[in-house]
Amino acid sequence: MNEIWNLEYETMGRDELRALQLQRLQMTLRWSYKNVPFYKDKWDGAGLHPDDVRSLDDLSRIPFTVKEDFRKAYPYDLFAVPLERVVRIHSSTGTTARPIVVGYTRGDLNTWAELCARVVTAGGARPHDVAQVAFGYGLQTGAFGLHGGLERIGASVIPASTGNTRRQLTIMRDYKTTVLVCTPSYALYIAETAADLGFDWGELNVRVGLFGAESWTNNLRQELEKRMGLTASDNYGLTEVMGPGISGECPLKDGLHINEDHFIVEVVDPVTGENVPEGTEGELVFSALTKEAVPVLRYRTGDLASVTFRPCACGRTLARHTKVYARTDDMIIVRGVNVFPSQVEDVLMDIEGIEPHFQILLDRKGPMDEMVVQVEVEPAVFPDAMRQLVEFERHVEDRLQEELGVRARVKLVEPKTVPRHTGKARRVIDRRS
Ligand code: DLL
């Protein structure tokens, strides 16, 4: 199954790669300094001139860029080119704050398609495939980005977009879809709908799932692979840096390969901002090396992972980061204990009879936080006798407590009660004021 889209860059020797990174970094620094007043002001303030960066070790002298910088720059203040040169605009849906707006020149779109071509190839897509893209075609980057990469490799792309799940399944069957592209939570919803409608996966041809855009555990991967009879790979990216195409898994699924000829990755301590040693978990920071319209240097993603620069048995020399299970800001604090939703998912997926749909509800009762985990049980398990129900709830509560170190109340709910998502799942409802 292993095939490498761009042998030259994906298997480049590390010395050669670092030389290329330095050259591109210096070019990007000069480009940003000259064309984006935000960077000029910030670096002048820090006493840094692009010419001061003479080796990759000087990278840490460059100030970080953060999400707030994008918000303040709304909509175009981080653009390095006039709008005449911008051929595409995307934005991430800000529910509360101002959205993040990014633009792409023709050259940027070309790079984006190249990088997504690498990621989808590593994930198992091939020119003969029929790829159904069930990310939303809209302002967000997922659909258009991966669409570009799939077209680049020569796959037949179906821009199905999200929603209308019954129609997704009909398309999947009638158009003979072989590659499904969406969030893992939507994949799960599709699988569930298929079962409800009596679709037989044996009738379908889907063999590869390219899933990403949200955190998901290996347990969920196994579940999806089992239910859908496919091989599922993870791919990662974010709007501020480019969208999808930043990294993706190869068939060995031992970390996500970062397209390092276009992005330098660093891992920093989320509190101090200092670089941490290879293999230590911290916050991923990316510097884009080739972007024209919206160059971005040392962007703090908020995503937690560790990175290895060891070559992979697949032949790629590109660094790998571990699956992103948590963000610095999705941690919830319940009665003083730090809890990540991915920990909850891991426990639940391990318990027989539980469906992989859950939601965490946080309330404050007097001075105390209360955490309720709504958990769906499989229809066959949904117990009639109240006693059994209570016992099962206690069992799940105990297992969660072992993992989280804090007691949550578990509420078993009937199948199909936890809200389903066609895009990214919403795992936590925090009603504490
Ligand atoms: O989610 C880009 C994307 C689309 C990636 C399709 C892969 C596939 P944003 O909407 O800006 O961009 O959200 C970015 O989503 O900082 C992570 O917290 C999270 N995220 C993205 N991919 C993964 C992943 C797109 N594979 C934010 N695993 C990022 C875990 C992910 N989290």
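Counting restarts for each chain: residues are numbered from 1 in the order of the written sequence. In keeping with the predicted nature of the model, local features appear solely for residues at pLDDT of at least 70, side-chain atom pairs appear and are counted solely at 80 or more, and the whole-chain, interface and lining totals rest on all residues. Think of the side-chain values as coming from all heavy atoms in the structure, minus any hydrogens and water.

I'd like a description of the packing of helix 9 (residues 218-228) against helix 10 (residues 341-349), backed by residues and values.
Only the stretch in contact is used when a helix axis is fitted, and all axes are lines through C-alpha atoms; the angle between N-to-C directions ranges over 0 to 180 degrees. We count a stretch as a helix when DSSP gives it H or I for four or more residues in a row; a strand needs E for two or more, and each element gets its number in order from the N terminus. At a minimum axis separation of 9 Å, helix 9 and helix 10 run at an interaxial angle of 50°. The orientation of helix 9 with respect to helix 10, classified from their angle, is oblique. Contact with helix 9, carried on its side by Asn219, Leu220 and Glu223, involves Glu345, Asp346 and Met349 of helix 10 and no other residues of that element. In these notes the angle categories are as follows: under 35 degrees is roughly parallel, over 145 is roughly antiparallel, 65 to 115 is roughly perpendicular, and the rest is oblique. The contact criterion used throughout is that any non-hydrogen atoms of two residues lie within 4.5 Å.

Explain the sheet that holds strand 12 (residues 299-305) to me, and be specific about the residues and the numbers.
If you trace the four strands from one edge of the open sheet to the other, you get 10-11-12-15, paired in antiparallel fashion. Only two strands of the sheet have a single partner each, and these edge strands are strand 10 (263-268) and strand 15 (326-327). Where strand 12 meets strand 15, two bridges bridge the pair, whose relative direction is antiparallel. If you follow Asp303 over to strand 15, its bridge partner there is Arg327. Pairs of strands are assigned from DSSP output, requiring at least two bridges between the strands.

Outline the packing of helix 7 (residues 165-174) against helix 8 (residues 184-197), listing residues and values.
One can describe the packing of helix 7 onto helix 8 by two numbers: an axis separation of 10 Å at closest approach and a directional angle of 80°. Relative to helix 8, the element helix 7 is oriented roughly perpendicular. Contact with helix 7, carried on its side by Thr165, Arg166, Gln168, Leu169 and Met172, involves Tyr186, Tyr189, Ile190, Thr193, Ala194 and Leu197 of helix 8 and no other residues of that element. Amino acid classes used here: Ala, Val, Leu, Ile, Met, Phe, Trp, Tyr, Cys and Pro are nonpolar; Asp, Glu, Lys and Arg are charged; the rest, including Gly, are polar. Looking at side-chain class alone, the contact of helix 7 with helix 8 contains seven nonpolar, three polar and one charged residues.

Before we move on, can you summarise the state of the cysteines with the specific residues and values?
Pairs of cysteine sulfur atoms within 2.5 Å are what we label disulfides. On inspection of all chains with the given rule, the structure shows zero disulfides. Cys314 supplies the cysteine sulfur nearest to Cys312, a cysteine that is in no disulfide, at a spacing of 3.6 Å.

Tell me about the site of the ligand, residues and numbers included.
Around the ligand, the surrounding shell holds 19 residues, and the nearest of these are Asp234, Asn235, Thr239, Asp303 and Lys424. Any pair of N or O atoms that falls within 3.5 Å is considered a polar contact. Within protein, one atom must be able to donate a hydrogen and the other to accept it, and sequence-neighbouring residues count only if both atoms are side-chain atoms. Take Ala213: an N or O atom from its main chain is 3.1 Å from a nitrogen atom of the ligand. Lys424 is positioned with one of its side-chain polar atoms (N or O) 2.8 Å from an oxygen atom of the ligand. Using a 1.4 Å probe, the Shrake-Rupley method yields the accessible areas, and only the shown protein chains count as cover for residues. Alone, the ligand offers 620 Å² of accessible surface; in the complex the protein occludes 90% of this. The set of elements that each furnish at least two residues to the shell around the ligand consists of helix 6 (142-153) and strand 7 (231-238). Residues are counted as near a molecule or strand when any one of their heavy atoms sits within 4 Å of it.

Outline the packing of aromatic side chains, listing residues and values.
Pairing of aromatic rings covers Phe, Tyr and the six-membered ring of Trp, with a centre-to-centre limit of 6.5 Å; geometry is then stacked below 30 degrees between planes, edge-to-face above 60, and tilted otherwise. Taken as a whole and judged by the stated rule, the model has ten aromatic pairs. With 5.8 Å between their ring centres and 75° between their planes, Phe211 and Trp216 make a pair best called edge-to-face. Buried residues are those whose accessible area, probed at 1.4 Å on protein chains only, stays under 20% of the maximum for their type, while exposed residues exceed 50% and partly exposed ones sit between those limits. Its relative accessible area of 0% is what places Phe211 among the buried residues. Put simply, the rings of Tyr33, Phe38, Tyr39 and Trp43 pair up and form one aromatic cluster. One Lys or Arg, Arg300, reaches over the ring of Phe64 and ends 4.8 Å from the middle of that ring. By the criterion adopted, a ring carries a charge over it if an Arg CZ or a Lys NZ lies within 6 Å of its centre and within 35 degrees of its normal. The positively charged end of Lys323 is found above the aromatic ring belonging to Trp216, 4.0 Å away from the centroid.

Hey, could you go over the nonpolar core for me, with residue numbers and the actual values?
Take the buried residues of types Ala, Val, Leu, Ile, Met, Phe, Trp, Tyr and Cys, join any two whose side-chain atoms come within 4.5 Å, and each joined set is a nonpolar core. Grouped together as the largest cluster of nonpolar side chains are 66 residues, with contacts concentrated most on Leu25, Leu150, Leu284 and Phe286. Per-element tally for this core: the top contributor is helix 5 (residues 106-122), with five residues. What Leu25 contacts, discounting residues up to four positions off in sequence, is Val53, Leu56, Leu59, Ile264, Leu289 and Leu297. Residues Ile332, Val339, Ile360 and Leu362 belong to the second largest nonpolar core, which totals 24 residues.

Pulling in residues and values, what's your account of a nonpolar patch on the surface?
Residues enter patches when they are more than 30% accessible in relative terms and free of salt bridges; like-charged ones are connected within 9 Å and nonpolar ones (Val, Leu, Ile, Met, Phe, Trp, Tyr) within 5 Å. Each salt bridge in this description consists of a side-chain nitrogen of Lys or Arg and a carboxyl oxygen of Asp or Glu lying within 4 Å of one another. On the surface, a cluster of nonpolar side chains totalling about 240 Å² of accessible area is made up of Tyr76, Leu83 and Ile89. Along the chain, Leu83 falls in the loop between helix 4 (67-72) and strand 1 (88-92). Residue classification places Leu83 among the partly exposed residues on the basis of a relative accessible area of 41%.

So what about the sheet that holds strand 20 (residues 409-413)? Which residues, and what values?
Sheet architecture is open: four strands sit in the order 20-19-18-21, paired in mixed fashion. Each edge of the open sheet is held by one strand with a lone partner, namely strand 20 and strand 21 (428-430). Direction aside, the axes of adjacent strands within the sheet are offset by 20° on average. In terms of strand pairing, strand 19 (residues 368-377) meets strand 20 through five bridges, oriented parallel. Following the sheet pairing, Glu376 is matched in strand 20 by Val413. Relative to the sheet, helix 10 contacts strand 18 (354-365), strand 19 and strand 21, its axis offset from that of strand 18 by approximately 135°.

Interpretation note: all reported values are geometric properties and have no functional meaning in isolation.
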